[in-house]
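# Per-entry structural report
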Amino acid sequence: MEQKKRIFSGIQPSGDLTLGSYMGAIKNWVALQDEYDCLYCIVDMHAITVRQVPADLRRRSLEQLAQYVACGLDPQKNIMFIQSHVPAHAELSWVLGCYTQFGELSRMTQFKMKSQQHADNITAGLFTYPVLMAADILVYQADLVPVGEDQKQHVELCRDIASRFNNSFPDTFTLPEPFIPKMGARIMSLGAPENKMSKSDPDGCVYIMDKPEDIMRKFKRAVTDCETAVRYDRENKPGVSNLLTIYCAATGKTMQQAEQEFAGQGYGVFKPAVGEAVVELMRPIREETTKLLSDRAYLESIYKEGAEKASYLANKTLRKVYKKVGFVPR
Ligand code: ATP
Ligand code: LTN
């Protein structure tokens, strides 16, 4: 039998999951679980690159696992685990850091943005964040990395680090490819549609756990423009285009179908319709998450088993790398 290709992806428990995390990442993961050998991680070590309240980080990490399952990821088919439970990520990250240039890390868009947002606390961890991300991916020899558009640059850097390492030490790492969804790769903020919807911006974002009335309110207030036509034009109508993207991703309709459906109707009809589509999409996920969170023993069994399986795979790569760079075997 042909070996299935391997997938790795992760989300930081740095805030509650949003419609952006769902449409840009998790929804895609669910679609891949039958065809690929998948590892889905809760990257808590990445989350502490900016300040976190410890109790919140712990709560959100478990909530995120419950949401992975509630969104449709089957714990029998996928390895789901918490990054800090598998020490090989941090260990490989050190080695890879010694094969990464300062200049490369300085060019990362996410670093530039986050160091502006957290100007009083620009840590070495924030700077080397992409090296740890490269370790996450390479330690499992992943072929594909399903992420939203904003993470493409990090996956490309990961490839550069891997090929540089392979040049010195042939056949060490599989070169991974980013895998970006066609519809929903970039969900923008409802309040400022020129920015991406991000879990650390409560104003513009819709959380998976938001109540229906809150979702409806956020959509009714979404920023649009002073025309009335419901038409996709990212350049000149970013707000409306974002709502159309969300509507299509939520309902499975094509852009053309959506435009036709709202032709001749104003935003007063369009905005609540998008809200309702999202409410219906999120309802079962929210209910299932709440149910799962009341069964801590079950969640614990998932992440413990996940860490065990992940460690086995990760340690194989780590041993190989340690040997290649010249460390004395333990
Ligand atoms: P933070 O605000 O803490 O930086 P975030 O909301 O940007 O977090 P991440 O944890 O960085 O979310 O992203 C999780 C995954 O979801 C990544 O694959 C990312 O590409 C994807 N993603 C996040 N936000 C969006 C968005 N607005 N549109 C599409 N995909 C997104
Ligand atoms: N940087 C990513 C989260 C992340 C990730 C990864 C994604 C950390 N490690 C490995 C894919 C593969 C983010 O900010 N969304």
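### Section: the overall build of the protein
- The number of helices and strands found in the protein is 13 helices and five strands.
- Taking 2.2 N^0.38 as the reference for a compact globule, 330 residues should give roughly 20 Å; the C-alpha atoms of the protein span a radius of gyration of 21 Å, in line with that estimate.
- Across its three principal axes, the protein shows a C-alpha extent of roughly 70 × 45 × 45 Å.
- The buried share of the protein, reckoned over its 330 residues, is 52%.
- The contacts in the protein between residues at least 6 apart in sequence include a share of 77% that link residues at least 24 apart.
- Just so you have it, the protein exposes about 15900 Å², and 51% of that area is on carbon and sulfur atoms.
- On the protein, the mean spot of the 41 positive side-chain charges and the mean spot of the 40 negative ones are 3 Å from each other.

### What to know about unusual backbone geometry
- Although it is not a glycine, glutamine 141 adopts a positive phi angle of roughly 55°.
- Within the secondary structure, glutamine 141 sits in the loop between helix 7 (124–138) and strand 4 (144–146).
- The backbone phi angle of aspartate 171 is positive, close to 60°, even though this residue is not glycine.
- Note that aspartate 171 resides in the loop between helix 8 (152–168) and strand 5 (177–179).
- Judged by relative accessible area, which is 67%, aspartate 171 ranks as exposed.

### Focus on the packing of aromatic side chains
- Summed over all chains, the structure comprises 14 aromatic pairs.
- Taking the centre distance of 4.4 Å and the plane angle of 0° together, the rings of tryptophan 29 and tyrosine 40 count as stacked. On the criterion of sequence distance, the pair formed by tryptophan 29 in helix 1 (residues 19–32) and tyrosine 40 in strand 2 (residues 37–42) is long-range, its members being 11 residues apart.
- We classify tyrosine 40 as buried; its relative accessible area is 0%.
- Linked through ring pairs, Tyr99, Phe165, Phe169 and Phe173 together constitute an aromatic cluster.

### Regarding the site of ligand 2
- Around ligand 2 there are 14 residues in total, and Gln12, Tyr129, Met133, Asp136 and Gln151 lie nearest to it.
- Tyrosine 129 is positioned with one of its side-chain polar atoms (N or O) 2.6 Å from a nitrogen atom of ligand 2.
- Within the contact set of ligand 2, a nitrogen atom lies 2.7 Å away from a side-chain nitrogen or oxygen of aspartate 136.
- For ligand 2, whose unbound accessible area comes to 360 Å², protein coverage reaches 92%.
- Looking at the shell around ligand 2, the elements with two or more residues in it are strand 1 (6–11) and helix 7.
- With four residues, the top contributor of residues to the shell around ligand 2 is helix 7.
- For the shell around ligand 2, the residue count by class is seven nonpolar, six polar and one charged.

### A few points about the pairing of strand 2
- Burial runs high along strand 2: five of the six residues are buried.
- Pairing between strand 1 and strand 2: six bridges, direction parallel. Bridge assignment links isoleucine 11 to a residue of strand 2, and that residue is isoleucine 42.
- For the crossover from strand 1 across helix 1 to strand 2, the handedness is right-handed.

Basis of the calculations
Residues numbered from 1 in each chain as written. Chains lettered and ligands numbered in written order. Predicted model: local features only at pLDDT ≥ 70, side-chain atom pairs only at ≥ 80, totals over all residues. Heavy atoms only, no water. Helix = DSSP H or I, 4+ residues; strand = E, 2+ residues; numbered from the N terminus. Rg over C-alpha atoms; globule rule 2.2 N^0.38 Å. Buried < 20%, exposed > 50% of the residue type's maximum accessible area, 1.4 Å probe, protein only. Contact = heavy atoms within 4.5 Å. Areas by Shrake-Rupley, 256 points an atom, 1.4 Å probe, with all protein chains shown as cover. Lys, Arg positive; Asp, Glu negative; His and termini not counted. Charge placed at Lys NZ, Arg CZ, Asp CG, Glu CD. Phe/Tyr/Trp six-rings, centres within 6.5 Å; stacked < 30°, edge-to-face > 60°. Near = heavy atom within 4 Å. Polar contact = N/O pair within 3.5 Å; in protein donor to acceptor, adjacent residues only side chain to side chain. Nonpolar A, V, L, I, M, F, W, Y, C, P; charged D, E, K, R; others polar. Pairing = 2+ DSSP bridges. Right-handed = clockwise from strand over helix to strand, strands pointing away.

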